[in-house]
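Listed below, chain by chain, are the residues.
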Amino acid sequence: MALDRGIQSKINEVVSAWTDEGRMFTAFEVSLNLKEQGVRERHRNLRDHVHQAIFTLGGPKDYSRTLMDVGAPEQAWVYHPQTSSPYRYRPLDRTGHSALPPDDPNVAVPALRRQRGLVWGSAAQAGVPPGAYGTDQRGRVCIPVTLLHAIGAGAGERVRVQCAAGQEQLTIEAEGEGDGEGASADTSYTVEPDGNVRLTQATLEKAGIGGLQCYRIAGDSSRITVRAFEE
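Residues numbered from 1 in each chain as written. Predicted model: local features only at pLDDT ≥ 70, side-chain atom pairs only at ≥ 80, totals over all residues. Heavy atoms only, no water.

Caption draft 1: Local environment of the environment of Met68. Position of Met68 relative to the elements: it lies in strand S1 (residues 63–68). Note on Met68: relative accessible area 0%, which makes it buried. Separated by 73 residues in the primary sequence, Met68 and Val141 place their C-alpha atoms 9.5 Å from one another. Setting aside residues up to four positions removed in sequence, Met68 forms contacts with Gln75, Ala76, Val78, Pro86, Tyr87, Gly134, Thr135, Asp136 and Gln137. (Helix = DSSP H or I, 4+ residues; strand = E, 2+ residues; numbered from the N terminus. Buried < 20%, exposed > 50% of the residue type's maximum accessible area, 1.4 Å probe, protein only. Contact = heavy atoms within 4.5 Å.)

Put into structure tokens, the structure is as follows:
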């Protein structure tokens with residue numbers, strides 16, 4: 001839908017101010033700020049223009065974006081200067097959702113590599129593409145429960161991980177009966193009580209995909225594959 005020009009102007013003002021100060025933020029937080037200013041428009045109607053404004057105004061200021069767990073039901077793009085680590089980002093408080101722990105500047109965070117600047121192509125860039133996954137604030141990639149179920153790996157069961165640094169990817173398979181712990185694997189994980197597996201940065205580094213801004217996770221009934229997501 002076409003936004004009122006006055007609302008577009010307010011979006012641009014917020015984005016310009018935040019990128020001038022080098023702030024890390026999400027598009028949803030821009031919408032929340034507009035709501036505080038009295039704008040009565042839902043985020044889904046503001047979203048495309050907000051993202052476009054961030055690309056347009058933040059791109060020349062060396063902004064980039066990383067897909068992250070932001071303490072909400074779904075992951076979101078965190079926009080940040082290329083000189084700042086998105087793992088330091090802490091979102092605004094969201095009523096009804098678990099708050100992320102406060103950032104401790106004394107705790108080391110993973111380093112990003114291969115950052116890309118913002119170049120707007122289409123409104124499709126506003127959303128999170130299918131198959132794209134980010135990390136939590138510790139740099140861990142959470143493997144979806146549905147994909148683990150598909151390979152027959154439930155809570156308390158183990159999976160083995162093969163890292164192929166030359167191909168910049170890793171694969172996850174369920175351990176079969178009679179397999180030794182981590183047999184024929186670079187490492188292994190126990191599926192957590194919530195049904196997930198959270199790959200650490202150390203494991204991702206073994207596969208040559210540590211410190212990326214976005215990952216593609218796909219799977220079938222035999223294995224799950226994790227690699228870089230190319231937008």
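And the narrative resumes.
Caption draft 2: The packing of helix H2 (residues 27–36) against helix H3 (residues 43–58), seen in detail. Put simply, H2 and H3 touch, their axes get as near as 9 Å, and they point 115° apart. Considering how the two elements wind past one another, H2 and H3 form a crossing that is right-handed. Packed against H2, whose contacting residues are Ala27, Phe28, Val30, Ser31 and Leu34, the element H3 presents His43, Leu46, Val50, His51 and Ile54 at the interface. Here the residues of the contact of H2 with H3 are counted per class, giving seven nonpolar, three polar and no charged. (Axes fitted to C-alpha atoms, helices over the stretch in contact; angles between N-to-C directions. Left-handed = near helix turned anticlockwise from the far one by under 90°. Nonpolar A, V, L, I, M, F, W, Y, C, P; charged D, E, K, R; others polar.)

Caption draft 3: Seen up close, the sheet that holds strand S6 (residues 169–174). Pairing is antiparallel in the open sheet, where six strands are placed in the order S3-S9-S10-S6-S5-S7. Edge positions in the sheet fall to strand S3 (132–133) and strand S7 (187–190), since each has one partner strand and no second. Relative to S6, strand S5 (residues 158–164) is paired through six bridges, and the arrangement is antiparallel. Paired with Ala164 across the two strands is Gln169, which belongs to S6. (Pairing = 2+ DSSP bridges.)

Caption draft 4: Structural context of the side chain of Thr66. Mapped onto the elements of the fold, Thr66 is located in strand S1. At a separation of 2.8 Å, a polar atom in the side chain of Thr66 contacts the side chain of His80. Not counting chain neighbours up to four residues away, the residues in contact with Thr66 comprise Ala76, Trp77, Val78, His80, Pro86, Leu112 and Gln213. (Polar contact = N/O pair within 3.5 Å; in protein donor to acceptor, adjacent residues only side chain to side chain.)

Caption draft 5: Quick look at the environment of Arg65. Residue position: Arg65 is located in strand S1. Sequence-wise, Arg65 and Gln82 are 17 residues apart; in three dimensions their C-alpha atoms are separated by 8.4 Å. Only 3.0 Å separates the side chain of Arg65 from the side chain of Tyr79, close enough to count as a polar contact. At a separation of 2.9 Å, a polar atom in the side chain of Arg65 contacts the main-chain carbonyl oxygen of Gln125.

Caption draft 6: Seen up close, the packing of aromatic side chains. Within this structure, the stated rule accounts for five aromatic pairs. Between the aromatic rings of Phe25 and Tyr63, the centroid separation amounts to 6.3 Å while the plane-to-plane angle is 50°, which identifies the pairing as tilted. Residue Phe25 is located in the loop between helix H1 (5–20) and H2, and its partner Tyr63 is located in strand S1; the two are separated by 38 residues in the primary sequence. For the pair formed by Phe25 and Tyr63, the shared burial category is buried. Pairing Phe55 with Trp120 gives two aromatic rings, centres 5.1 Å apart and planes at 75°, and the pair type is edge-to-face. Here Phe55, found in helix H3, pairs with Trp120, found in the loop between strand S2 (76–81) and S3; they are 65 residues apart in sequence, far enough to count as distant. Since its relative accessible area comes to 5%, Phe55 is described here as buried. Among the residues examined, Trp120 registers a relative accessible area of 24% and is labelled partly exposed. By way of ring pairs, the aromatic residues Trp18, Phe25, Phe55, Tyr63, Tyr79 and Trp120 are connected into one cluster. (Phe/Tyr/Trp six-rings, centres within 6.5 Å; stacked < 30°, edge-to-face > 60°.)

Caption draft 7: Fine view of the environment of Asn196. Mapped onto the elements, Asn196 comes out in the loop between S7 and strand S8 (197–199). Exposure remark for Asn196: the relative accessible area of 11% places this residue in the buried category. For the pair Asn196 and Pro144, spaced 52 residues apart in the sequence, the C-alpha separation amounts to 6.1 Å. The residues touching Asn196, leaving out its near neighbours within four places in the chain, are Cys142, Ile143, Pro144, Val145, Leu148 and Val191.

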